[in-house]
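Structural description and commentary
Next come the chains, spelled out residue by residue.
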Amino acid sequence: MLKKSGYSGEIVWVTPGDVLLTGKRFVYVRVPLPEENLAEARETHERGTARESGVLFSTVCEMDGSACCSDWSPERYEDGQQGLWSRGLKMSAKTEESRIPGKAVRSALRWKWLSWGIGRSKR
């Protein structure tokens, strides 16, 4: 599916803690990404499948030739019903027009500074 949408096919898994939304046409991504992210994506898929609540795999941004993807599954059956959620696997990839670039942040100090600054600007 990713290749059909113009992505390279390389996937890296991100969690909400790995991404900072800027309010602009890019996001910051903390790198290196934890190796546990892949295991967490698998666990989300298994939990969603076991609960029959469905799972969403979606692209967040594109960075260094890879699609940064996230996963989500409703924790409660009611949450899925409100969103007209199906019980299967749902995949979503941004199109060329809506694709957002990710900017890698390799310094822990810079990440803290950006997190603090972005958090303060939302107040």
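Residues numbered from 1 in each chain as written. Predicted model: local features only at pLDDT ≥ 70, side-chain atom pairs only at ≥ 80, totals over all residues. Heavy atoms only, no water.

Quick word on the nonpolar core
So the rule is basically this: Residues belong to one nonpolar core when they are buried, are Ala, Val, Leu, Ile, Met, Phe, Trp, Tyr or Cys, and are joined through side-chain atoms within 4.5 Å. Partly exposed residues are those whose accessible area sits between 20% and 50% of the maximum for their type, while under 20% is buried and over 50% is exposed, using a 1.4 Å probe and protein chains only. A run of H or I in DSSP counts as a helix once it spans at least four residues, and a run of E counts as a strand once it spans at least two, with each numbered from the N terminus. Any two residues having at least one pair of non-hydrogen atoms within 4.5 Å are treated as being in contact.
If you look at the biggest cluster of nonpolar residues, it comprises 10 residues: Val14, Val19, Val27, Val29, Val31, Val60, Cys61, Met63, Cys68 and Ile100. For this core, the secondary-structure elements that each account for two or more residues are strand E3 (27-30) and strand E4 (55-63). Considering each element in turn, this core owes the most residues, 3 residues, to E4. Apart from the residues within four sequence positions on either side, valine 60 is in contact with Val14, Val19, Cys68, Cys69, Ser70, Lys94 and Ile100. If you look at the next biggest cluster of nonpolar residues, it comprises 8 residues, including Leu2, Trp13, Ala41 and Cys69.

Quick look at the pairing of E3
Heads up, the condition is: For two strands to pair, DSSP has to find at least two bridges joining them.
Of the strand pairs in this sheet, strand E2 (residues 19-21) and E3 are connected by 3 bridges, and their pairing is antiparallel. Bridging across to E3, leucine 20 finds its partner in tyrosine 28. Between E2 and E3, which pair antiparallel and follow one another directly, the connecting turn spans 5 residues, one of which, glycine 23, has a positive phi of 80 degrees. Summarising the sheet, E3 and strand E7 (residues 102-105) pair through 4 bridges and their orientation is parallel.

Details of the sheet that holds E3
Formally: Fitted lines through C-alpha atoms give the axes, limited to the stretch in contact for helices. The angle between two N-to-C directions lies from 0 to 180 degrees.
An order of E2-E3-E7 is seen for the 3 strands of this open sheet, with the pairing classed as mixed. Taken across any chain shown, the strands that pair with only one partner, and hence form the sheet edges, are E2 and E7. Here the strands of the sheet are splayed against their neighbours by 30 degrees on average, with no regard to which way each runs.

Quick look at the packing of aromatic side chains
Two aromatic rings, taken as a pair, are described by how far apart their centres are and by the angle between their planes. Test applied: Each pair of aromatic rings taken from Phe, Tyr and Trp, with Trp reduced to its six-membered ring, is defined by centres within 6.5 Å and is described as stacked if the planes are under 30 degrees apart, edge-to-face if over 60, and tilted in the remaining cases. For a lysine, the NZ atom is tested; for an arginine, the CZ atom; a charge sits over a ring if that atom is within 6 Å of the ring centre and within 35 degrees of the ring normal.
Summed over all chains, the structure comprises 2 aromatic pairs. Taking the centre distance of 5.2 Å and the plane angle of 85 degrees together, the rings of phenylalanine 26 and tyrosine 28 count as edge-to-face. We classify phenylalanine 26 as buried; its relative accessible area is 14%. Classification of tyrosine 28 as buried rests on a relative accessible area of 14%. The ring of tyrosine 7 is capped by arginine 99, whose NZ or CZ atom sits 3.7 Å from the centre of that ring. A cation over an aromatic ring shows up here: lysine 103 above the ring of phenylalanine 26, its NZ or CZ 4.0 Å from the ring centre.

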